[in-house]
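The primary structure of each chain is shown beneath.
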Amino acid sequence: MRWRVPLAEGYATPLVVSNRVFTFGREQTSEVVQALDLATGRVRWRVAYPAKYEAKDAKGVYGDAPRSTPIVHGGRVFTFGINEVLHAIDAETGRIQWRIDFRRRFGTEPPGYGAASSPMIFGRLLLVPAGDYLFAVDWHSGSVVWRAKCDSFYSSPIVAELAGRPQIVAFTRYRLLGIDPRTGRRLWSHRYPSPYGTNIATPIV
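Bear in mind the structure is a predicted one, so any value in this text is a computation, not a measurement.

Enquirer: So what exactly am I meant to see when it comes to the side chain of Asp37 here?
Expert: Assignment of secondary structure puts Asp37 in strand E3 (residues 30-37). Separated by 3.0 Å, the side chain of Asp37 and the backbone nitrogen of Ala39 make a polar contact. Of the polar contacts made by the side chain of Asp37, one reaches the side chain of Arg44; its length is 3.3 Å.

Following this line, the structure appears as structure tokens:
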């Protein structure tokens, strides 16, 4: 064993990028992002911000820690917390570049178990499911380019080429959707109900 460090509570997968390990979790009432040195485990930087969470009914047994795995792109770490707050953090310094609180800004409401989908990159767009929408955010500036109305998410969106064109494939709680990544326009929809309203697996093509 080379090293070991305690991790904050959560479901997010650690990310290894170059000589860094990025982790995302919860400590008490805050969500915590940290960058570790891959060779030694030493903490290079750490960011913590308040993230009060109130679970609905019996769903609280799954905890109040983040479920979404971050993504690293363009020298930034993008985290999506359980309350649908998106952060862009400089991967080298830990400085927050921008943030979007989807609930406060757009009135979204996370699904019953909290925000669980992981964001993904498509060109200049960061694709983020929040509430009953899929948002396309310019990953550099943090501006919202478009939003597409759909069911709420637990799975994560993917991009694939179908019928000769790139499409976002979104597996929502009640249907499978194809969305135009340039405009957010719905291209097709297939009803896919779950008795619990919890389709959670990310599809593959």
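Enquirer: Please clarify how the sheet that holds strand E4 (residues 43-50) should be interpreted in this entry.
Expert: The strands making up a sheet associate through hydrogen bonds between their backbones, and the pairing can be parallel or antiparallel. Strand order in the open sheet formed by four strands is E1-E2-E3-E4, with antiparallel pairing between adjacent strands. Of all the strands in the sheet, just strand E1 (15-17) and E4 have a single pairing partner and so form its edges. Looking at each pair of strands side by side, their axes are set apart by 20 degrees on average, direction ignored.

Enquirer: In this structure, what is going on with empty space enclosed by the protein? I would like to understand it.
Expert: The method is simple in principle: a probe with the dimensions of a water molecule rolls over the atoms, and the space it marks as empty is what remains. Scanning all chains against the criterion turns up one cavity of 30 Å³ or more. Estimated volume of the largest cavity: approximately 40 Å³. In this structure, the largest cavity is lined by Phe80, Glu84, Pro111, Ala115, Ala116, Ser117, Pro129, Ala130, Gly131 and Phe153. Tallied by class, the residues present in the lining of the largest cavity amount to seven nonpolar, two polar and one charged.

Enquirer: In this structure, what is going on with the side chain of Asn83? I would like to understand it.
Expert: Inspection of the secondary structure puts Asn83 in the loop between strand E6 (76-80) and strand E7 (85-90). Residue classification places Asn83 among the buried positions, given a relative accessible area of 10%. At a separation of 2.7 Å, a polar atom in the side chain of Asn83 contacts the main-chain carbonyl oxygen of Lys52. In this structure, Asn83 is in contact with Ala51, Lys52, Tyr53, Arg103 and Pro110, ignoring residues within four places of it in sequence.

Calculation criteria
Residues numbered from 1 in each chain as written. Predicted model: local features only at pLDDT ≥ 70, side-chain atom pairs only at ≥ 80, totals over all residues. Heavy atoms only, no water. Helix = DSSP H or I, 4+ residues; strand = E, 2+ residues; numbered from the N terminus. Polar contact = N/O pair within 3.5 Å; in protein donor to acceptor, adjacent residues only side chain to side chain. Pairing = 2+ DSSP bridges. Axes fitted to C-alpha atoms, helices over the stretch in contact; angles between N-to-C directions. 1 Å grid on protein atoms, 1.4 Å probe; cavity = no way out; pocket = protein on both sides within 12 Å on 5 of 7 lines; lining within 4 Å. Points joined across faces, edges and corners; volume = space filled by probe spheres on them. Nonpolar A, V, L, I, M, F, W, Y, C, P; charged D, E, K, R; others polar. Buried < 20%, exposed > 50% of the residue type's maximum accessible area, 1.4 Å probe, protein only. Contact = heavy atoms within 4.5 Å.

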